[in-house]
Structure formats: C-alpha cells, structure tokens
Amino acid sequence: MSTIAIAVNAAISAGAYLMTVRMIPRLRDMFIKANLFGRDLCKKDKPQVPESYGVIIGCVFLISMFLFIPIPFSFDENAATDAVTGGKPLTFPHDKFVELIAALLSICCMIFLGFADDVLDLRWRHKLLLPTIATLPLLMVYYVNYNSTTVMMPNFARALFGTSVNIGIFYYVFMGSLAVFCTNAINILAGINGLEVGQSLIIAGSVLLFNFIELSLGHQVESHQFSIHFMLPFLATSLALWKFNRYPSQVFVGDTYCYFAGMTFAVVGILGHFSKTLLLFFLPQILNFLYSTPQLFHFVPCPRHRLPKYDQKSDLLHISTTEFRLDELNSLGRLMVKVLRTLRLVSWQEHADGRIVTNNLTLINFVLVIFGPVHERVATQMLMGFQVLSTLLALFIRYPLANYFYATET
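Residues numbered from 1 in each chain as written. Predicted model: local features only at pLDDT ≥ 70, side-chain atom pairs only at ≥ 80, totals over all residues. Heavy atoms only, no water.

When you look at a nonpolar patch on the surface in this model, what are you seeing that I'm missing?
Judged by side-chain polarity, I167, I169, F170 and V173 come together as a nonpolar surface patch covering roughly 410 Å² of accessible area. Relative to the assigned elements, F170 resides in helix 8 (residues 169-188). (Patch = residues over 30% accessible without salt bridge, like charges linked within 9 Å, V, L, I, M, F, W, Y side chains within 5 Å. Areas by Shrake-Rupley, 256 points an atom, 1.4 Å probe, with all protein chains shown as cover. Salt bridge = Lys/Arg side-chain N within 4 Å of Asp/Glu carboxyl O. Helix = DSSP H or I, 4+ residues; strand = E, 2+ residues; numbered from the N terminus.)

Below you can see the structure in the form of structure tokens.
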C-alpha cells in the first residue's frame, strides 16, 4: 500500500466530516419522533436531547470505508499490472482484502448490536457476549492469515521461559477479551457531556501518532498503513460528532458510538499487530475499570446510574453515592472497601446506625473526590487532560522504557 492510498483516504475522511456535520442537526426531529431521546440531568432545565447518534456516525464511517475499499489495492505494488498479462494483476493480495472486509464486518456487527442495546436496553451479560460474537470474523482471519500465537518474553523472564513462548489458544482468548474490554471500557467511563467522544478522539489521535512514528522507523509498514486507513475516517466523523456532543451537548451518542469506537480500536490493534501498545493508550479506561470492579461485580451495591449529582444552585457536579453496611458485604467486598479507604481513594462517612456512605466507584466521581465539586465542562476537560497525559506516558513506555525490558523490538 502506498502513500497515495493514505492521501485518498484523508480526502474521503474530509468528505465524511462535512457530511456528518450536515446530517447531525437535520436528523434531530426524526430521532425525537422515534422516541430516541433523553433528558440532560446535569442542566438546570433538563433539556430534551436526541440520543443514539452513534448510529449516524457509524453509518457515515462505513460508507467512507466502502468507497475506500478498491483504493489500496489499486496502488498496491503486488497488484501491479503488466503488458505481458494483458493488463491483469500479476498477483492480488487476497489476504489483505479479506482482512479489510472482515474488519468492516466486525465493526458493522458492533454498530448494529450497539443500536439494539440503545433501543432494547440489554443486560450486562449481553454486553459482554455481543463484542465476543462480533470479534469472530477478526479471529478467523487472523487464524487463516497468521496464526502466530508466540509472545516475546521480557529480558528478566528469558532465563525461565526463553526468548518467546507459544501460548496457543490463549492468544485468541486475549484478543477476544481485548475486543470486549475496548467496547465496554469507553461505555463505563461516560455520562457527562463530550466525555465518550472526547476520550475516543484522543485515543484515535494517539494511535495515529504511533502509526506514523512506526512508519517513519520502517516497522511493520503494511500493518500501520492498515490502521491509518481506519483511524482517519473514524477521527473525522468523531470530530464532527464532538462539535455537537461537547458541553452543552446537543446530541447524545448512546451505547452505539461506544461500541463502534471500541471495536474500531480493537480491529486496528489486533490486525495491526500492536494490541499491547493499544492497551497503553487505554490507561484511564483500565484504571476506571479496576476502580469500578467492586461495583461492577456487585461486591459493593451498584445503582443503575452512577453519574455525579447535579446541584442546580451552584451549577456544579457533586459525587454520587452508594451506601451499605460492612456486615452485608462478603469477605472480598469488605477487603476491597477497606483497601480503598486505607489508600484514601473514596469518600467515607459512617453513620451511628452502622450505615456507610461512599462515592460511586467511577473515575468521574474520583475526580470530584480529589478536587471537590466542579462544573461539568471542567470535569470533562480534566478527564481529557488525563487521557492526554496517559498518551505521553504510553509513548514513553513504548519507546525509551521498552528498551530496558526487551532486547529487540516487539
């Protein structure tokens, strides 16, 4: 694949941005008429806001990629023509073509399943199952084209395990788990204006920066070009959505966008062969998941909505809380809350009757625990700033620091 393909992809992405910007406001009434709307609970007047707009972004992205399908193969050196063959391709890269189609199939499935979640309000167990199903085309293509399940060992482990270890089927379990994590991680760290799209934009920009750095170094050129082809239209359509989703939000993205974004990242991480680096860019989402674990797995009572509480008088966000008694928790639950309290990672109020009140365990609430009540716009900016700092840390780990742990590039 050539730089010409990237240039064409960038031009298509620019068109996708303009199309999305025009479509979003025009479809507002249609979504509200279809009862796809919600109330913005963090505003004084609680305005009616159309939601599930992720389906529009996903559709424009797919249209862009469908238009792009023939482009990389038209400029592929292996698909060049020759007068001897009568203008027919010398060789056609069927493996690359199948990768592209399988990636789009997985993303398309996730958009459909995400929209079904928005409409039908699926249970959490379904939210774990659906990304696994949508990842199957990717895993099948990876099995047919590569089937490489060898993992490089860091220097300190090579005395025990050697330079590399073949982990077999567990590598596919890891890749499937990566897709499940990516699609749900963005969805868990959400709920205030612009946060879902904002974090996705920064992750997409981080992936693109990493891709261009690797291209400049000449590492796995085709894999990183493949990633760029997906990230550019994703970034363009998400930028258009950000224009309407940032504070004060005119549209809500719904679970559709979170699933679409997560699967797109999983696709480029798996087929672009940089899944470990991708996880570094998800550091805030990993921390949010770990922090949320006691509630997600119901070791601690978990209300349906864990959004911060909005105070109309001050126009600020305050922590939302959950309450319990220590004797109502099992031993693991008690251990978790005691560790969090000891490390001062939660607010803690004990009442005379034995009830304990703590903040809900999300990164959004944790920001409010540390900094106190803040405006919704400021809370989003803080979390996006942390996402940017995490990208810088990820690049430091990936390049200078990795040289101390790996004798060769991984």
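That shown, we press on.
What exactly am I supposed to notice about the side chain of T135 here?
Following the sequence through the fold, T135 ends up in helix 6 (residues 124-145). Overall, the relative accessible area of 0% leaves T135 in the buried class. Apart from residues no more than four positions distant in its own chain, T135 is found in contact with S106, M175, G176, A179, M263 and I270. (Buried < 20%, exposed > 50% of the residue type's maximum accessible area, 1.4 Å probe, protein only. Contact = heavy atoms within 4.5 Å.)

Which parts of the structure should I look at to understand the packing of aromatic side chains?
Centre distance and the angle of the planes are the two values used to describe a pair of aromatic rings. One pass over the full model with this rule turns up 21 aromatic pairs. Where Y291 meets F366, the ring centres are 5.4 Å apart and the plane angle is 65 degrees; that geometry is what we call edge-to-face. Here the residue Y291 occupies a position in helix 13 (residues 283-296), and F366 occupies one in helix 15 (residues 363-371), the gap between them amounting to 75 residues. What makes Y291 buried here is its relative accessible area of 9%. Under the relative-accessibility criterion, F366 is labelled partly exposed at 21%. Among the aromatic residues, those joined into a cluster by ring pairs are F61, F181, F226, F230, F234, Y257, F260, F265, F282, F289 and F297. A cation sits over an aromatic face here: R398 above Y399, 5.2 Å from the ring centre. (Phe/Tyr/Trp six-rings, centres within 6.5 Å; stacked < 30°, edge-to-face > 60°. Lys NZ or Arg CZ within 6 Å of the ring centre and 35° of its normal.)

What is the right way to read the state of the cysteines from this model?
Each disulfide is one covalent bond, formed between the sulfur atoms of two cysteines. This model, assessed by the stated rule, comprises zero disulfides. The structure places no disulfide on C108, whose sulfur is separated from the nearest cysteine sulfur, that of C109, by 6.0 Å. Judged by relative accessible area, which is 29%, C109 ranks as partly exposed. (Disulfide = S-S within 2.5 Å.)

What is the right way to read the sheet that holds strand 8 (residues 349-350) from this model?
Neighbouring strands of a sheet are bound in pairs by backbone hydrogen bonds; such pairs are parallel or else antiparallel. The sheet built from three strands is open, its strands ordered 7-9-8 with antiparallel pairing. Each edge of the open sheet is held by one strand with a lone partner, namely strand 7 (321-324) and strand 8. The pairing of strand 7 with strand 9 (residues 356-359) spans four bridges and is antiparallel. Residue pairing across strands places F324 opposite I356, the latter belonging to strand 9. (Pairing = 2+ DSSP bridges.)

Mind showing me how you'd approach helix 10 (residues 221-245) here?
The periodicity of an α-helix, 3.6 residues per turn, causes residues three or four places apart in sequence to face the same way. With 25 residues, helix 10 ought to run about 36 Å at 1.5 Å a step, and its terminal C-alpha atoms sit 35 Å apart, in line with that. Among the 25 residues in helix 10, 20 count as buried, and that is most of the element. (Expected span 1.5 Å × (residues − 1).)

Can you help me understand helix 11 (residues 254-271) in this one?
With 18 residues, helix 11 should reach 26 Å at 1.5 Å per residue; the first-to-last C-alpha distance of 27 Å fits that figure. The buried fraction of helix 11 amounts to 18 of the 18 residues, a majority that puts the element mostly inside the structure. Two residues or fewer after helix 11 comes H273, characterised by a positive phi angle close to 65 degrees.

It is not clear to me how the pairing of strand 9 should be interpreted in this structure. Could you clarify?
Where a strand is regular, its side chains alternate between the two sheet faces. Along strand 9, one buried face is formed by I356 and T358 and the opposite face, lined by V357 and N359, is buried too. Pairing of strand 8 with strand 9, which is carried by two bridges, proceeds in the antiparallel orientation. The residue bridging E350 from the neighbouring strand is I356, located in strand 9. Counted between consecutive antiparallel strands, the loop separating strand 8 from strand 9 contains five residues, among which G354 sits at a positive phi close to 95 degrees.

What is the right way to read the environment of F212 from this model?
Along the chain, F212 falls in helix 9 (residues 195-217). The partly exposed category is assigned to F212, whose relative accessible area is 42%. Residues F212 and Q225, spaced 13 residues apart in sequence, show a C-alpha to C-alpha distance of 8.6 Å.

Can you walk me through the packing of helix 1 (residues 3-26) against helix 10 in this structure?
Two quantities define a packed helix pair, namely the angle between the helix axes and the distance between the axes. Interhelical geometry of helix 1 versus helix 10 gives an angle of 20 degrees and a closest axis separation of 8 Å. Here helix 1 lies roughly parallel to helix 10, going by the angle between them. In this structure, helix 1 crosses over helix 10, and the sense of that crossing is right-handed. Contacts between helix 1 and helix 10 involve A5, I6, N9, A10, S13, A16, Y17, T20, V21, I24 and P25 on the former and, on the latter, Q225, I228, H229, L232, P233, A236, T237, L239, A240, L241, K243 and F244. Partitioned by chemical class, the residues of the contact of helix 1 with helix 10 number 16 nonpolar, six polar and one charged. (Axes fitted to C-alpha atoms, helices over the stretch in contact; angles between N-to-C directions. Parallel < 35°, antiparallel > 145°, perpendicular 65-115°, else oblique. Left-handed = near helix turned anticlockwise from the far one by under 90°. Nonpolar A, V, L, I, M, F, W, Y, C, P; charged D, E, K, R; others polar.)

Please explain the nonpolar core as it appears in this structure.
Nonpolar side chains in soluble globular proteins tend to be buried together. I107, F230, L241, Y257, F265 and F282 are the most contacted members of the largest nonpolar core, which totals 82 residues. Per-element accounting of this core gives the leading share, 12 residues, to helix 11. Residue contacts for F265: discarding those within four places in its chain leaves I186, S200, I203, A204, M231, F234, L278 and F282. With 13 residues, the next largest nonpolar core counts L195, L317, V367 and L368 among its residues. (Core = buried A, V, L, I, M, F, W, Y, C linked by side-chain atoms within 4.5 Å.)

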